[in-house]
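# Fold and geometry: a report
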Amino acid sequence: MAVRKALPAATLGAMRILKLEAEPLYLWPYLTAAPRGGTETQNLPLLLGKVDALPAGLDALVVTSDLQGVAPRALLGGAVALLGEVLADGLASLSAEGMLPPLEHTGVVLAGDLFSDDAALVRGASGDVRSVWDAFGQQFRWVAGVAGNHDTFGTARERAQFFRQRPEQQMLDGDVVDVDGLRVGGVSGIIGRPDKPGRRDEEAFLRSLRDVIRQDPELLVLHQGPDVPGTRMRGSAAIREGLPARDDLLVICGHSHWDAPLVALPAGPQVLNVDSRAVLLTC
């Protein structure tokens, strides 16, 4: 896999989602913090989507975010683990059974907020998600993505060392990388008070977004995504207004759950919301 920061013109072109199945291929039950206290059981769905193009050598992309729950992990003898770790193992099992493409030809895109406390009692808990990134990184071709406002990676030194030692895992924040000929850009965190973790003021966020867009990514990964006016699809109007009028751009986001995960903005990109869901994209 080639990864580089200085990029030439776009290599792949448009990557449009042609179809997204409504019925999930698979469901993983997990515990998550309930809105009024305690825990509740939910199901993490795996949806299948078809795109018009993927780079040569890449059979599929897994995209997901907001995996804020816990479940038993078979590799740990049934001990409770973060939902993202369980998802990585579950996808590997489906691949081994021939239900999904080979992992060595599958990339992973993470759009943030991958932490839960061990008992899934604290709503909006923040913590270290390096184990989730590693669960995917050790099994799949590569991982690229952004940090959510509840994600940490140890100290600043530990975070830098973690990604320096894992060139197949690319954390994005205001930059663009080339993975297998696919140009992936990203902005981490959300708009908010800069004195709170995982947040920056609106102008700083939009400046970072502009820096990414100037580099012509084919896939744009955000934790906080745009809103869709006239709908219940919540997000940021400022981010929506900052997106280019490009129908050849696919935006991946989470943070606010949408009942309908896919929308095409008027005179703009497609947006795929993967909050509390996983989507497998193939040609």
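Parameters and conventions
- Here, residues in each chain are numbered from 1, in the same order as that chain's written sequence.
- Totals for whole chains, interfaces and linings use all residues, but because this is a predicted model, local features are given only for residues with pLDDT of at least 70 and pairs of side-chain atoms are given and counted only at 80 or more.
- Excluded from the side-chain calculations are hydrogens and water; all other atoms, namely the structure's heavy atoms, are used.
- In this description a helix means any DSSP run of H or I spanning at least four residues, a strand means any run of E spanning at least two, and both kinds are numbered starting from the N terminus.
- Only C-alpha atoms enter the radius of gyration, while the globule expectation follows 2.2 Å times N to the 0.38, with N the number of residues.
- Three labels apply to residues, based on accessible area from a 1.4 Å probe with only protein chains included: buried if under 20% of the type maximum, exposed if over 50%, partly exposed otherwise in between.
- Residue contacts are defined here by distance: any two heavy atoms, one from each residue, within 4.5 Å place the two residues in contact.
- The charge count treats Lys and Arg as positive and Asp and Glu as negative. His and the chain ends do not count.
- Every charge is mapped to an atom, namely NZ of Lys, CZ of Arg, CG of Asp or CD of Glu.
- Should DSSP find at least two bridges between two strands, the strands are taken to pair.
- As a rule, the C-alpha atoms of each element are fitted with a line to give its axis, helices using only the stretch in contact, and angles between N-to-C directions run from 0 to 180 degrees.
- Put simply, a salt bridge is a Lys or Arg side-chain nitrogen that is within 4 Å of an Asp or Glu carboxyl oxygen.
- For Phe, Tyr and Trp, where Trp contributes only its six-membered ring, two rings pair if their centres lie within 6.5 Å, and the inter-plane angle classes them as stacked under 30 degrees, edge-to-face over 60, or tilted in between.
- Note on angle classes: values under 35 degrees are labelled roughly parallel, values over 145 roughly antiparallel, values of 65 to 115 roughly perpendicular, and the remainder oblique.
- All amino acids are sorted into three groups, where Ala, Val, Leu, Ile, Met, Phe, Trp, Tyr, Cys and Pro are nonpolar, Asp, Glu, Lys and Arg are charged, and the leftover types, Gly among them, are polar.
- Residues with no salt bridge and a relative accessible area higher than 30% make up the patches, which join like charges within 9 Å and nonpolar side chains (Val, Leu, Ile, Met, Phe, Trp, Tyr) within 5 Å.
- Note that accessible areas follow from Shrake-Rupley with a 1.4 Å probe, and for residues the cover is restricted to the protein chains shown.
- Confidence scores here are pLDDT values: one per residue, from the predictor, ranging 0 to 100.

## Some details on the overall build of the chain
Looking only at helices and strands, the chain features five helices and 20 strands. For the chain, whose C-alpha radius of gyration is 17 Å, the value lies close to the compact-globule estimate of 19 Å for 283 residues. Looking at the 283 residues of the chain, the share that counts as buried comes to 54%. In the chain, 68% of the contacts between residues at least 6 apart in sequence involve partners at least 24 apart. Between the averaged position of the 27 positive side-chain charges in the chain and that of its 35 negative side-chain charges there is a distance of 4 Å.

## A word on the sheet that holds strand S12 (residues 175–179)
Spatial ordering of the open sheet is given by S12-S13-S16-S17-S19-S18, a layout of six strands whose pairing is mixed. The open sheet terminates on both sides in strands that have one partner only, identified here as S12 and strand S18 (262–264). On average, adjacent strands in this sheet sit at an angle of 25 degrees to one another, irrespective of strand direction. One ladder, built from four bridges, connects strand S16 (residues 219–224) with strand S17 (residues 250–254); its direction is parallel. Along S17, the bridge assignment pairs Leu220 with Val251. Lying on the sheet, helix H4 (residues 202–213) is in contact with S12, strand S13 (182–187) and S16; it crosses S13 at an angle near 170 degrees.

## Quick look at the pattern of salt bridges
Here the structure, examined in full by the defined rule, presents 14 salt bridges. Residue Lys19 is joined to Glu21 by a salt bridge in which the shortest nitrogen-to-oxygen separation is 3.4 Å. A salt bridge links Arg130 to Glu158; the shortest N-O distance between them is 4.0 Å. You can see Arg130 sitting in helix H2 (residues 130–137) and its partner Glu158 sitting in helix H3 (residues 156–164), a full 28 residues away along the chain. Through salt bridges that share partners, Arg73, Glu85 and Asp89 make up one connected network.

## Quick notes on the packing of aromatic side chains
On inspection of all chains with the given rule, the structure shows six aromatic pairs. When the ring of Tyr26 is compared with that of Trp28, the centres are 4.8 Å apart and the planes differ by 50 degrees; the resulting orientation is tilted. A ring pair is formed by Phe162 and Phe163, whose centres lie 5.0 Å apart and whose planes are at 90 degrees; its orientation type is edge-to-face. The same class applies to Phe162 as to Phe163, namely buried.

## As for unusual backbone geometry
One non-glycine residue, Asp180, lies in positive phi territory at about 55 degrees. In this structure, Asp180 sits in the loop between S12 and S13. We classify Asp180 as buried; its relative accessible area is 14%. The phi dihedral of His255 falls on the positive side, at around 75 degrees, and the residue is not glycine.

## With respect to the packing of H2 against H3
Relative to each other, H2 and H3 sit at 0 degrees, their axes nearing to 12 Å. By the angle between their directions, the pair H2 and H3 is classed as roughly parallel. Counted together, Arg130, Trp133 and Asp134 of H2 and Glu158, Phe162 and Phe163 of H3 form the full contact between these two elements. Residues of the contact of H2 with H3, tallied by class, amount to three nonpolar, no polar and three charged.

## Some points on the environment of Ala96
Secondary-structure assignment places Ala96 in helix H1 (residues 83–96). For Ala96, a relative accessible area of 70% gives the class exposed. Distance from Ala96 to Ser126, taken between C-alpha atoms, is 33 Å for residues 30 residues apart in sequence.

## Things to note about H2
Along H2, six of the eight residues are buried, which leaves the element largely enclosed by surrounding structure. Buried within H2 we find Val132, Trp133, Asp134, Ala135, Phe136 and Gly137.

## Observations regarding a nonpolar patch on the surface
The grouping of Leu25, Tyr26 and Met99 at the surface amounts to a nonpolar patch, some 250 Å² of accessible area in total. Mapped onto the elements, Tyr26 comes out in strand S2 (residues 26–33). Given the relative accessible area of 36%, Tyr26 is considered partly exposed.

## Quick look at the confidence of the model for the chain
In this model, the chain carries an average pLDDT of 94, and 95% of its residues clear a pLDDT of 70 or more. Taken as a whole, residues 1–10 scores under 50 in pLDDT and shows 30 contacts with residues more than four places along the chain or in a different chain.

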